[in-house]
Amino acid sequence: MKSIDNLTINTIRLLSADAIQKANSGHPGLPMGAAPMAYELWANHMNHNPKNPNWINRDRFVLSAGHGSMLLYSLFHLFGYGLEIEDLQEFRQWGSKTPGHPEFGHTVGVETTTGPLGAGLATAVGMAMSEAHLAAKFNENNYDVMNHYTYVLAGDGCMMEGISSEAASLAGTLKLGKLIIFYDSNNISIEGDTDIAFTENVGKRFEAFGFQVLKVEDGNDLVAIGKAIEEAKADLERPTLIEVKTQIGYGCPNKQGKASAHGEPLGADNIVCAREYLEWVSEEDFHVPGEVYSHMEALRKESEEKENKWNEKFQEYRNSYPEKAKEWDMYFSKELPVDLMEDDAFWAFEDKPMATRNVSGELINRLKDKIPNLIGGSADLSPSTKTFMNGEGSFSSKDYTGRNLHFGVREMAMAAIGNGMYLHGGLMVYVSTFFVFSDYFKPMARLASLMEIPMIYVLTHDSIGVGEDGPTHEPIEQLAALRSMPNYIVFRPADATETAAGWYFAVTSKSEPTALVLTRQNLPQLKESSKDALKGGYVLLDSQKETPDMILMASGSEVQLIYEAHAKLKEQGVDARVVSMPSFELFDQQEDAYKESVLPKEVRKRLAVEAATTFGWYKYVGLDGDVIGLDRFGASAPGEKLFKEFGFTVENVVEKAMKLF
């Protein structure tokens with residue numbers, strides 16, 4: 001190992017240890033053990049440009065073991081991504097650029113938010129899928145304008161999480177040869193040696209998934225690590241797992257190889273010992289030798305030159321293939337190429353009963369031609385969720401141009417992969433499953449909300465209308481669960497017009513993920529429904545009085561109940577207002593004056609109806625109002641029978657409404 005390489009690696013180790021010690025919080029073990037492989041990759045094999053962290057054709061690096069965030073922050077500082085020593089000194093502090101786990105959009109250079117173990121690995125699979133799709137779409141002859149690798153650093157914990165197996169299995173099936181995973185194999189978890197719960201041969205597992213599996217026996221051997229990286233890059237038919245045997249906390253003689261190095265500061269005395277063990281050049285905290293800065297400046301210039309060469313090549317491509325370059329610009333712009341609001345064909349539907357999942361399917365097939373970079377699929381359910389784009393082919397190892405994604409029965413990995421595909425840039429992504437299985441993907445949808453990326457979730461079979469499949473497949477609490485998530489839009493439309501409004505919001509959103517919650521059963525078209533659904537709640541039918549006698553409100557399939565109840569109540573002398581509430585979140589975002597115009601405070605007699613838990617509705621019905629909901633699980637019977645037995649009938653709505661008087 002060259003002395004400057006060794007000096008830089010130890011700089012990474014001690015910067016990490018010092019920051020964690022100053023914060024009195026963090027995980028020094030991974031940064032100290034994995035520093036050599038990270039340095040070798042970033043310095044000698046990875047194409048990236050710190051002066052332009054958003055270079056489209058950069059290699060992506062994902063720290064799946066996000067608790068080792070100080071490794072990433074140390075790399076960012078040394079490679080010139082804009083983190084200063086002062087930022088490292090503020091590790092894990094209020095308002096700092098260096099939070100406890102890497103956060104996309106918060107720290108320059110972070111490709112995705114990580115921390116939940118395995119999430120980063122699965123997200124990286126999505127990035128590799130985007131690269132494959134865009135390369136197949138845009139590359140021409142000698143112009144490989146989309147040609148880069150996706151690298152992942154994952155630990156034992158990531159390998160234990162089921163999401164890693166879900167995603168790796170799909171990556172192997174798709175032969176994503178530009179996906180390279182570093183497995184930091186140190187055999188230590190928080191509770192001790194991994195043997196207490198994890199004895200499998202991870203390499204054999206990944207071989208079974210279809211990976212090339214390489215092994216580096218000494219995590220400090222830069223030559224072996226570099227050779228493995230080049231061997232991995234040479235195999236474009238298989239993704240690669242490089243298992244690197246490391247010692248957690250390497251460099252701290254009293255801690256290395258022990259569980260205590262994982263998730264707690266080393267302690268001041270142990271940092272002194274580490275400096276002695278590593279023959280460090282200074283006793284100062286956060287010391288970076290001048291020759292390390294000089295070395296990194298030379299590496300930065302090399303990195304900048306790589307992008308300069310690509311830019312020259314892309315200009316030639318633009319001249320040779322102007323139409324493709326124009327399409328490239330559209331893909332990587334975040335603006336829609338069409339004005340859907342004024343597109344009458346987008347909003348037009350036959351006046352006949354339709355399941356909103358079927359309406360959604362029609363809309364997807366209208367959008368696919370208007371938005372060429374729309375791509376998506378389901379967890380083995382596209383015939384049921386109606387999410388297949390006709391004539392667009394299937395994304396597979398034989399054809400990466402296909403726009404229909406097949407995730408298999410892997411809901412959590414599907415959501416993480418969708419995140420990765422969007423984060424890569426260039427694509428608008430939707431994923432789909434039955435609504436009840438949102439429980440399986442919610443952790444990854446939560447990350448989409450946290451990252452403020454506008455992922456689209458098409459969730460069908462939205463209520464007890466599922467019927468005979470029974471309570472295991474009938475969503476009850478899922479609406480409340482997703483509505484409780486910050487920065488997440490839940491949209492449950494009542495008919496075709498509202499479904500179109502939901503899709504309009506989803507494809508125009510810049511920072512909020514959208515869940516489109518759709519029926520299996522047919523619903524009537526409501527002639528009064530309108531684009532006002534985009535406000536989240538609006539007056540569908542109004543009373544003839546200036547102040548209504550009461551307000552009826554509902555979402556989705558239950559809007560037709562309050563619509564019909566309106567006439568029945570009028571026969572009994574009650575002049576009600578009917579409010580459709582497809583989205584709590586969008587309604588809550590409206591101006592107070594608008595919300596008051598829809599739900600005037602003086603009208604205290606209010607009834608909400610929804611075939612799900614009543615949780616959440618009381619903020620709209622108030623203490624004097626009531627909710628017809630389902631605070632129990634469903635049952636197995638035809639859907640129409642269940643609606644009747646559980647009180648979702650016009651008669652029951654009228655009866656409950658009259659009780660409020």
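You'll find the chain entered in an unreviewed UniProt entry as Transketolase, with Natranaerovirga pectinivora given as the organism. Per its UniProt entry, the chain bears the Sequence similarities (unreviewed entry) comment "Belongs to the transketolase family."

**Quick notes on the nonpolar core**
Formed by 140 residues in total, the largest nonpolar core has its most connected members in W42, M159, L179, I181, F182, I242 and Y457. Top element by residues in this core is helix 5 (residues 119-138). It accounts for 12 residues. Residue contributions to this core reach at least three from each of two domains, namely domain 1 (4-303) and domain 2 (344-517). Apart from residues lying up to four places away in sequence, Y457 is in contact with A415, N419, V431, F441, M444, A445, A448, Y488, P513, T514, A515 and L516. Counting 79 residues, the second-largest nonpolar core is a separate cluster that includes L340, A500, I551 and W617.

**Quick notes on the UniProt feature "binding site: thiamine diphosphate" (unreviewed entry) in the chain**
Here, the residues flagged by UniProt with the feature "binding site: thiamine diphosphate" (unreviewed entry) are H67, G115, P116, L117, G157, N186, H262 and F437. In sequence the annotated residues extend across 371 residues, and in space they extend as well, their farthest C-alpha pair lying 34.6 Å apart. Mapping G115 onto the fold places it in the loop between helix 4 (85-89) and helix 5. G115 sits in the buried class, given a relative accessible area of 18%. Apart from the residues within four sequence positions on either side, G115 is in contact with S64, G66 and H101. Turning to its location among the elements, N186 is positioned in the loop between strand 3 (179-185) and strand 4 (188-189). When residues no more than four places from it in sequence are discounted, the contact partners of N186 are D156, T246 and I248.

**Here's the deal with the packing of aromatic side chains**
The final tally for this structure, using the stated rule, is 36 aromatic pairs. On the numbers, 5.2 Å between centres and 20° between planes, the contact of W310 with F314 is stacked. Of this pair, W310 and F314 are both found in helix 11 (residues 290-320), 4 residues apart, which corresponds to roughly one turn of the helix. You can call F314 buried: its relative accessible area is 7%. Seen in terms of ring centroids, W617 and Y620 are 6.1 Å apart; in terms of plane orientation they differ by 70°. Their pairing is edge-to-face. Each member of the pair, W617 as well as Y620, carries the same accessibility label: buried.

**Some thoughts on the sheet that holds strand 7 (residues 240-245)**
Overall, parallel pairing links the 5 strands, which are arranged 1-2-3-7-6 in an open sheet. Because the sheet does not close on itself, it has two edges, and the strands there are strand 1 (60-63) and strand 6 (212-216). Across the sheet, the mean angle separating the axes of adjacent strands is 20° when strand polarity is ignored. As defined by bridge partners, strand 3 adjoins strand 7 across 6 bridges and the pair is classed as parallel.

**Here's the deal with helix 16 (residues 411-424)**
The first and last C-alpha atoms of helix 16 sit 20 Å apart over 14 residues, in line with the 20 Å expected at 1.5 Å per residue. Within helix 16, 13 of the 14 residues are buried, which leaves it mostly tucked inside the rest of the structure. Phi turns positive one or two residues past the end of helix 16, at G425, with a value near 100°.

**Considerations on the packing of helix 11 against helix 12 (residues 322-332)**
Think of two packed helices as two axes; the pair is described by the angle between the axes and how far apart they sit. The N-to-C vectors of helix 11 and helix 12 enclose an angle of 120°; their axes lie 5 Å apart at closest approach. As far as their axial angle goes, helix 12 and helix 11 are oblique. Here W310, F314, Y317, R318, N319 and S320 of helix 11 lie close against helix 12, whose contacting residues are P322, K324, A325, W328 and D329. Along the lines of polarity and charge, the residues of the contact of helix 11 with helix 12 split into 6 nonpolar, 2 polar and 3 charged.

**Focus: unusual backbone geometry**
Among all residues except glycine, the phi angle is most often negative; among peptide bonds, the trans geometry is most common. Unusually for a residue other than glycine, E279 sits at a positive phi of about 55°. Secondary-structure assignment places E279 in the loop between helix 10 (268-277) and helix 11. Backbone geometry at H461 places phi at a positive 60°, although glycine is not the residue there. In this fold, H461 is placed in the loop between strand 12 (456-460) and helix 18 (478-483).

**Looking at the pattern of salt bridges**
A complete count under the given rule lists 34 salt bridges for this structure. Between E558 and R492 there is a salt bridge, and its shortest N-O distance comes to 2.7 Å. A residue pair is termed long-range when its members are at least 10 positions apart, and E558 in the loop between strand 17 (550-554) and helix 20 (559-571) and R492 in the loop between strand 13 (489-491) and helix 19 (496-508) qualify at 66 residues. Residue R492 is classed as buried on the basis of its relative accessible area, which comes to 0%.

**As for the packing of helix 3 (residues 69-79) against helix 11**
Two numbers describe how helix 3 lies on helix 11: the axes approach to 8 Å, and their chain directions differ by 80°. It follows from the interaxial angle that helix 3 and helix 11 lie roughly perpendicular. Touching H77, L78 and F79 of helix 3 are V292, Y293, M296, L299 and R300, all from helix 11. Taken together, the residues of the contact of helix 3 with helix 11 break down into 6 nonpolar, 1 polar and 1 charged.

About the criteria used
Residues numbered from 1 in each chain as written. Predicted model: local features only at pLDDT ≥ 70, side-chain atom pairs only at ≥ 80, totals over all residues. Heavy atoms only, no water. UniProt positions renumbered as here; feature names shortened; annotations may be inferred. Core = buried A, V, L, I, M, F, W, Y, C linked by side-chain atoms within 4.5 Å. Buried < 20%, exposed > 50% of the residue type's maximum accessible area, 1.4 Å probe, protein only. Helix = DSSP H or I, 4+ residues; strand = E, 2+ residues; numbered from the N terminus. Domains from an automatic or database assignment. Contact = heavy atoms within 4.5 Å. Phe/Tyr/Trp six-rings, centres within 6.5 Å; stacked < 30°, edge-to-face > 60°. Pairing = 2+ DSSP bridges. Axes fitted to C-alpha atoms, helices over the stretch in contact; angles between N-to-C directions. Expected span 1.5 Å × (residues − 1). Parallel < 35°, antiparallel > 145°, perpendicular 65-115°, else oblique. Nonpolar A, V, L, I, M, F, W, Y, C, P; charged D, E, K, R; others polar. Salt bridge = Lys/Arg side-chain N within 4 Å of Asp/Glu carboxyl O.

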